[in-house]
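Letter by letter, the chains look like this.
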Amino acid sequence: MKLKKIFMAAAVAATALTACQSKSSSGDAEMDRYIDDLMGQMTLHEKIGQLNLPVTGDIVTGQAKSSNIAEKIKAGEVGGLFNLKGVEKIREVQRVAVEESRLHIPLIFGMDVIHGYETVFPIPLALSCSWDMEAIEKSAQIAAREASADGICWTFSPMVDICRDPRWGRQSEGSGEDPFLGSAIARAMVKGYQGENLQDSATIMACVKHFALYGAPEAGRDYNTVDMSRVSMFNGYFAPYKAAVEAGAGSVMSSFNVVDGIPATGNKWLMTDVLRDMWGFNGFVVTDYTAILEMIDHGMGDLQQVSALSLKAGTDMDMVADGFVGTLEKSLEEGKVTEEDINKACRRILEAKYKLGLFADPYKYCNVERPKKEVFSAENRAIAREIAAETFVLLKNEDNLLPLQRKGRIALIGPLADTKANMPGTWSVAAVSDRYKSLLEGMKDAVAGKAEVLYAKGSNLCYDATLEANATMFGREMRDPRSAEALRAEALRVAQRADVIVFAGGESSEFSGECSSRSNLDLPDAQLDLLKALKKTGKPIVMLNFAGRATVMNWENENLPAILQVWFGGSEAADAICDVLFGDKVPSGKLTASFPKAVGQLPLYYNHLNTGRPAEKWFSKFRSNYLDVDNDPLFPFGYGLSYTTFTYGDLTLDATSMTESGKITATVKVTNNGNYDGTEVVQLYIRDMVGSISRPVKELKGFERVSLKKGESRDVTFEITADLLKFYNSNIDYVCEPGEFQVMVGGDSRNVQTAGFTLE
Ligand code: BGC
């Protein structure tokens, strides 16, 4: 309270406004006045300081006072810090800022709260497979509650980069390949984090990333060049960023890659013309980690030049590069940037702090009593468990092998069976994995007193120890020193004694995520050899595929009776997997990324354009196909089985034509005619048959999760309006064009029923 007064007094005591301080009319007169007053007192040095987001590492309280960072904070050279964990530490650093800096300006504390905080939800790719917007919003809301309780007020999420190439390891962090679904998820996440009002201390500011096109690097290699037409950007990739901005995301992170030849961070067309002028974004733009510095390697000039270019492009905050603090004063003297450029960026950052309520109370997120009650609570964990079970995708279930009964002996085998650290998945900065259950522990609990669980690791992740070390960083090592033969022999002994084998394998946590691109998407060699050996025992095998991306599973699909895609399910993954394995929950997840048959098919996505020589099923000379594989994915977008079965009646439209202001209703009867109550994700796709530019063979335009008791039927309807028919033409006008449209409805993107109508 006392501090607040000191600060308010200092700010309000402003006498005169300095020249050029970017007067703003944000629509909030009180905020404008407040920031005008404050900026009136700031030196140029302090204004540039607000644009600085240096690396902190894990500053501990004592060090903060004496470290270099603390000196910079006192000198007003820091706008915020990130990935510092713990409310006490954050409170102490905030104290340095508001008590020991000249103008007492509070810091903003960010973190990569990507899929939960200490209660970890499934990785975002998995979450997207739930197609459950309420659940996704809830996961973000809980993440915000926990993070805000622990001192964080800003998250570097949602990551909404569309990805059509699973070689890229960060497919794990996004929502797959579809911009319509991706947009719905982007909105749900922003709403979950920010709530109705950022003044609420249980909400945090979102940062939509990585703007833009980061998910489309050539060859699937992280940070690599992106090259695409504007029509593709707008139709295939931009929608989720736009949706997040329209949902009110307070900040945007620039991506590392080039967009139309210019790195995103220094790309004025992207950061100003599109983001602010076209989409009306009024928050601030932060760079990705050292992105300004990296522009030197992109060949854009020295640090001074690239920093000036970034500021002029519309980038406001420099993460870690020291480009703004290091060079902007000089650039101003030399006329390379104007004071107005600096003021604009400074104002945007101060506005964010104002909107978060940090000026009213710099310790708003520093209530040291909150974490005990609000972080990793039983309630949050129960919700995470429920949600995780919704994200698993049943890829195969021959002869209804699943669900398993709780009886007899179950052999749990595989390198992912007994690891806690690999449960949460990539980018779980706040995870405390020794508090999470391994699958082995979860399974023992799930069948206690009813069945026996036998365990053998069976193999390492892969034969190559170096590859395994690179894929198990950050305290997630799991290599067993025993030889491959010894591990396999033990597994075969265990398997012989069991009635059924549950194989837990696939990728480790860090086999996907940042800088985890792969050129081969098969199950790693040691595991595939193990599975082949297990298969020879003749015992039924259920494969649990852990992965942060779509992988190639031809042998598995041909040879194993049951495959459940479990991704990385978060802190409650072990229990959630058992809920589904033993039938307490019925799987309902549907893929949001196509699973290829071969890496050579990539990029592979369902909403592609047709060619002039469309492929037939098998190879045919002079068609657009391969000699050695067909064009289809192994498992298509939207695909996923249940323990029950759903049948679709005929698709009907209530009219065969509509005008631009009209609508058509599509109806299909969906019946659960299996033996379990279950949930089906009914999907609507549309194809524009003739356009001024070539249009995709189908595009998702609606979906509904429908829960049906066994034997129950329901009419599912979709309303088709002109909005769903619009696209960006070659002038980048958002239009719909009269003509024929095909409507498709089904349980995945391949198995659909079709009807048609005309837009007049
Ligand atoms: C990643 C971002 C992340 C940032 C801060 C970068 O390496 O690309 O997604 O938000 O680090 O941790």
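Residues numbered from 1 in each chain as written. Predicted model: local features only at pLDDT ≥ 70, side-chain atom pairs only at ≥ 80, totals over all residues. Heavy atoms only, no water.

## What about the sheet that holds strand 27 (residues 752–759)?
Spatially, five strands are ordered 19-27-26-21-22 in an open sheet, and the strand pairing comes out mixed. Only two strands of the sheet have a single neighbouring strand rather than two, namely strand 19 (657–658) and strand 22 (699–708). Pairing of strand 26 (residues 739–746) with strand 27 involves eight bridges; the strand directions are antiparallel. Looking at the pairing, Met744 lines up with Thr754 of strand 27. (Pairing = 2+ DSSP bridges. Helix = DSSP H or I, 4+ residues; strand = E, 2+ residues; numbered from the N terminus.)

## Overview of the packing of helix 21 (residues 484–496) against helix 22 (residues 525–535)
It is the contact of helix 21 with helix 22, at a shortest axis distance of 10 Å, that shows an interaxial angle of 35°. Seen along the crossing, helix 21 lies across helix 22 with a hand that is right-handed. Only Asp529, Leu530, Ala533 and Leu534 of helix 22 make contact with helix 21, whose side of the interface consists of Arg488, Ala491, Leu492 and Ala495. Of the residues belonging to the contact of helix 21 with helix 22, the class tally is six nonpolar, no polar and two charged. (Axes fitted to C-alpha atoms, helices over the stretch in contact; angles between N-to-C directions. Left-handed = near helix turned anticlockwise from the far one by under 90°. Contact = heavy atoms within 4.5 Å. Nonpolar A, V, L, I, M, F, W, Y, C, P; charged D, E, K, R; others polar.)

## Structural notes on the domain arrangement of the protein
The domain architecture assigned to the protein consists of domain 1 (384–601) and domain 2 (646–759). With centres defined by C-alpha atoms, the gap from domain 1 to domain 2 works out at 35 Å. Every contact between the two is made by five residues of domain 1 and, on the other side, nine residues of domain 2. When the two sides are added together, the surface that domain 1 and domain 2 hide from each other amounts to roughly 560 Å², 52% of it contributed by carbon and sulfur. Area buried by domain 1 at its contact with domain 2 is led by Val586, Ser588 and Lys590, which between them contribute 74% of it. Between Glu390 and Arg705 there is a salt bridge, and its shortest N-O distance comes to 3.5 Å. Applying the counting rule to domain 1 against domain 2 returns three residue pairs in polar contact (both at pLDDT 80 or more). (Domains from an automatic or database assignment. Buried area = accessible area lost by both parts, 1.4 Å probe. Salt bridge = Lys/Arg side-chain N within 4 Å of Asp/Glu carboxyl O. Polar contact = N/O pair within 3.5 Å; in protein donor to acceptor, adjacent residues only side chain to side chain.)

## Remarks on the pattern of salt bridges
In this structure the tally under the stated criterion is 55 salt bridges. Salt-bridge contacts for Lys74 lead to Glu71; the nearest nitrogen and oxygen are separated by 3.4 Å. Residue Lys74 and its partner Glu71 are both found in helix 5 (residues 68–74); the two are separated by three residues, about one turn of the helix. Note on Lys74: relative accessible area 24%, which makes it partly exposed. You can call Glu71 partly exposed: its relative accessible area is 41%. Across the salt bridge formed by Glu374 and Arg145, the nearest N and O atoms sit 3.0 Å from each other. A residue pair is termed long-range when its members are at least 10 positions apart, and Glu374 in helix 17 (residues 370–374) and Arg145 in helix 8 (residues 133–149) qualify at 229 residues. In the salt-bridge network here, residues are joined through shared partners; they are Glu71, Lys74, Glu92, Arg95, Glu99 and Glu100. (Buried < 20%, exposed > 50% of the residue type's maximum accessible area, 1.4 Å probe, protein only.)

## Focus: the packing of aromatic side chains
Within the structure shown, the criterion is met by 32 aromatic pairs. Note on Phe741 and Phe757: the rings are 5.5 Å apart at their centroids and 15° apart in plane angle, and the pair reads as stacked. One end of the pair, Phe741, is in strand 26; the other, Phe757, is in strand 27, with 16 residues separating them in the sequence. Of the residues examined, Phe757 reaches a relative accessible area of 1% and is grouped as buried. Counting every residue linked through ring pairs, the aromatic cluster contains Phe211, Phe234, Phe238, Tyr241, Trp269, Trp279, Tyr728 and Tyr734. (Phe/Tyr/Trp six-rings, centres within 6.5 Å; stacked < 30°, edge-to-face > 60°.)

## Topic: the site of the ligand
Lining the immediate surroundings of the ligand are 14 residues, of which Asp112, Arg170, Lys209, His210 and Asp288 lie closest. A distance of 2.5 Å separates an oxygen atom of the ligand from a polar side-chain atom of Asp112. Side-chain polar atom of Asp288 to an oxygen atom of the ligand: 2.6 Å apart, as the coordinates give it. When the ligand sits alone it has 310 Å² of accessible area, and the protein chains cover 95% of it. (Near = heavy atom within 4 Å. Areas by Shrake-Rupley, 256 points an atom, 1.4 Å probe, with all protein chains shown as cover.)

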